[in-house]
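Coordinates in review
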Amino acid sequence: MASKTLLLTIMLALTAAPVLATDYFVGWSLGINYTAWAQGKEFFVGDTILFNYTVGAHNVYKVNGTAFQQCSVPPPSEALTTGKDKITLATPGRKWYLCGVGKHCEYGMKLVITVMPTTFAPSPSPSPSPSPAYKAPVMQGKKPMNFWTNWKLKIHS
């Protein structure tokens with residue numbers, strides 16, 4: 001029974017191992033179709049997006065769907081401005097990003113993605129309930145014999 005429990009524990013550990021995260025590099029500049037860039041990519045919780053651009057030429061804002069549609073730029077204090085802005089995708093759902101410099105957003109410098117939850121293998125079926133402990137039969141008031149004693153008697157008798 002202990003070996004079954006150990007095997008089940010090992011199987012669960014292997015199937016529940018975290019999926020390796022993917023790093024996505026975005027060349028953040030004018031003239032790129034970000035809808036086409038995102039098409040066919042699967043984003044999962046734990047993945048990262050790295051926006052690469054020349055410092056001062058662009059920035060990155062994480063916005064909601066309405067601000068994305070309207071190219072509404074949040075306050076400057078919310079801008080990411082390092083030129084190598086790394087965003088870890090922490091929750092599932094739609095994520096919207098835009099450049100707040102000049103009219104860059106209106107010219108198409110914006111990205112929308114859908115982040116999927118990290119998935120795990122299906123849960124294992126519940127194990128059958130343990131069988132009752134074996135009780136050796138009582139042999140007319142005598143102590144029951146174990147396997148080796150019984151074997152010796154059959155072979156050597």
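You'll find the structure just up there.
Since the structure is predicted, the reported quantities are computational estimates derived from the model, not experimental observations. (Residues numbered from 1 in each chain as written. Predicted model: local features only at pLDDT ≥ 70, side-chain atom pairs only at ≥ 80, totals over all residues. Heavy atoms only, no water.)

**A few points about the pairing of strand 5 (residues 84-88)**
Short version of the rule: Only protein chains enter the area calculation, which uses a 1.4 Å probe; residues under 20% of their type maximum are buried, those over 50% are exposed, and those in between are partly exposed. Where helices and strands are cited, they refer to DSSP runs of H or I of at least four residues and of E of at least two residues respectively, numbered from the N terminus. Between any two strands, pairing holds if DSSP finds at least two bridges.
The two faces of strand 5 differ: D85 and I87 on one face are buried, but K84, K86 and T88 on the other face are not. Bridge count for strand 3 (residues 48-52) against strand 5 is 5 bridges, and the pairing is antiparallel. Bridge pairing in strand 5 places L50 opposite K86.

**Here's the deal with the environment of G46**
Formally: The criterion used for residue contact is that any of the two residues' heavy atoms lie within 4.5 Å.
Secondary-structure assignment places G46 in the loop between strand 2 (43-44) and strand 3. Sequence separation between G46 and M116 is 70 residues; the distance between their C-alpha atoms is 9.8 Å. G46 has contacts with A21, T88 and L89, leaving out every residue within four places of it along the chain.

**Quick look at the packing of aromatic side chains**
Two aromatic rings are characterised by how far apart their centres lie and by the angle between their planes. Put simply, the rule is: Working definition: a ring pair exists when centres of Phe, Tyr or Trp rings (six-membered ring for Trp) sit within 6.5 Å. Plane angles under 30 degrees give stacked, over 60 give edge-to-face, the rest tilted.
Tallying each qualifying case throughout the model produces 6 aromatic pairs. With 4.5 Å between their ring centres and 50° between their planes, Y24 and F43 make a pair best called tilted. Placement of Y24 in strand 1 (residues 23-27) and of F43 in strand 2 is noted, with a sequence separation of 19 residues between them. You'll find Y24 and F43 in the same group, each marked buried. The interplanar angle of 35° and the centroid separation of 6.2 Å between the aromatic rings of W37 and F43 together place this pair among those described as tilted. Taking relative accessible area as the criterion, W37 reaches 18% and is therefore assigned buried.

**So, the nonpolar core**
The test is simple: Here, nonpolar core refers to any group of buried Ala, Val, Leu, Ile, Met, Phe, Trp, Tyr and Cys residues whose side-chain atoms link them within 4.5 Å.
Among the nonpolar cores identified, the biggest contains 19 residues, and W28, F51, Y97, L111 and I113 are the most heavily contacted of them. The set of elements that each furnish at least two residues to this core consists of strand 1, helix 2 (34-38), strand 3 and strand 7 (110-116). Apart from the residues lying within four places of it in its own chain, the contact partners of Y97 are W28, I49, F51, V60, Y61, K62, F68, I87, L89, K110, L111 and I113. Membership of the second largest hydrophobic core comes to 8 residues, among which are V63, C71, L98 and C105.

**A word on the state of the cysteines**
Our working definition: In what follows, a disulfide is any cysteine sulfur pair within 2.5 Å.
For the coordinates displayed, the defined rule picks out 1 disulfide. A sulfur-sulfur distance of 2.1 Å marks the disulfide that ties C71 to C105. Here the S-S torsion is close to -75°, and the disulfide linking C71 with C105 is therefore left-handed. Of the two residues, C71 is situated in the loop between helix 3 (65-70) and strand 5 and C105 in the loop between strand 6 (93-98) and strand 7; the sequence distance between them amounts to 34 residues. The buried category is assigned to C71, whose relative accessible area is 10%. Take C99: it sits in no disulfide, and the sulfur closest to it among the cysteines is that of C105, at 8.2 Å.

Don't take any of this as a statement about function, it's just geometry.
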